[in-house]
Amino acid sequence: MKFTEKIWIPILAAALVLALAGCGRKNSSDSGDGKLRVMTSFYAMYDFAVKIGGEYAAVSNMVPAGTEPHDWEPAAADMEDLERADLFIYSGAGMEHWAEDVLESLSSQNLIVVEASDGIVLLSDGEQEEGEDGHDHGAYDPHVWLNPLNAKKEMENIKNAFVEADPSHADYYEKNYQTNAARLDALDEEFKTKLSGLPEKEIVVNHEAFGYLCSAYGLKQLGISGLSPDQEPDPGKMAEITDFVKEHGVKIIFSEELVNPKVAESVAGETGAAVEFLNPLEGLSEEELSDGADYFSVMEENLEKLVKALS
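Residues numbered from 1 in each chain as written. Predicted model: local features only at pLDDT ≥ 70, side-chain atom pairs only at ≥ 80, totals over all residues. Heavy atoms only, no water.

Caption draft 1: Quick peek at the environment of Asn260. Within the secondary structure layout, Asn260 lies in the loop between strand S9 (252–255) and helix H9 (262–271). Here the alpha-carbon distance between Asn260 and Asn206, two residues 54 residues apart in the chain, equals 9.2 Å. Excluding residues that lie within four positions of it along the chain, Asn260 makes contacts with Asn206 and Ser255. (Helix = DSSP H or I, 4+ residues; strand = E, 2+ residues; numbered from the N terminus. Contact = heavy atoms within 4.5 Å.)

Set out below in structure tokens:
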């Protein structure tokens, strides 16, 4: 054997080992630590992705903490991050109005995209309806995750996308999904038990984000604003809400921490009701995140507030 062969054979062998090691994932960008690079559209999707991806995912949320996501738009830096990502998770059903245009503009051919609401029956005008392809075209309530069983379906779709992106850890993702699916089933049962026997069934909300929650547990929401929290109610709507609150003895008007409460406070001032915050999990504050809040803890708090308001 020549001297040059003695040098090159071990080098080639080492290169082959490295090449084979990189074949374990179908579509893994260089995240620097071997983890899947995952981008999510807003908080609920971020939390679900973290719960499923665990130690094998580097998850980044596009909407900053404390930012209301309905009118948020991605910046150039977000587009660059998406180009480098392995997986993009968004809820769909019209929640991310920018998603379709952004995805069409990307040059990446390897990005795996999951619309987490795929397969969920969508609500429209207070009734359950579904489009021809099961997706939103601008007429549906996008807040599907506020029904725990819908959240379970979204987690399943997210889990399937993780398995597609990283099949070598399929069992790990499946185990994480099953753990959280059981917790969501238990949460659903808790909502049913605690809300079923309450004397009142109507809640007054600043932002009509709770249609799926109300539909699941026999409640009815009366919204001051519409599906978008920045909609301003006209005087006729304000009068209607005020009369309803007075006639039904509503004690609490629900607003949200990421939404200006002035409209809810106006109704409360006219009727003597109090203003309380109900969280649609569109985005958490820095304080909530630092305190370890997540989907389950926030939904538990929402349940406590609903029980108080409807008792």
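Caption draft 2: Spatial organisation of the sheet that holds S9. Across the sheet, 4 strands lie side by side as S8-S7-S9-S10; this open sheet has parallel pairing. Two strands lie at the open edges of the sheet, namely strand S8 (220–223) and strand S10 (274–277), each paired on one side alone. Strand after strand, the sheet turns through a mean of 40° between neighbouring axes, direction not considered. Sheet topology places strand S7 (residues 202–205) next to S8; 4 bridges connect them, and they run parallel. The residue bridging Ile203 from the neighbouring strand is Gln221, located in S8. Running over the sheet, H9 touches S9 and S10 and is turned about 175° from S9. With respect to the sheet, helix H11 (residues 295–310) is in contact with S7, S9 and S10, its orientation differing from that of S9 by roughly 155°. (Pairing = 2+ DSSP bridges. Axes fitted to C-alpha atoms, helices over the stretch in contact; angles between N-to-C directions.)

Caption draft 3: Representation of the pairing of strand S1 (residues 36–40) within the structure. Of all 5 residues in S1, 4 are buried; the element is thus mostly enclosed. As paired strands, S1 and strand S2 (residues 57–61) are joined by 5 bridges and run parallel to one another. Of the residues in S2, the one forming a bridge with Thr40 is Asn61. Of the strand pairs in this sheet, S1 and strand S3 (residues 87–90) are connected by 3 bridges, and their pairing is parallel. Paired with Met39 across the strands is Phe88, a residue of S3. (Buried < 20%, exposed > 50% of the residue type's maximum accessible area, 1.4 Å probe, protein only.)

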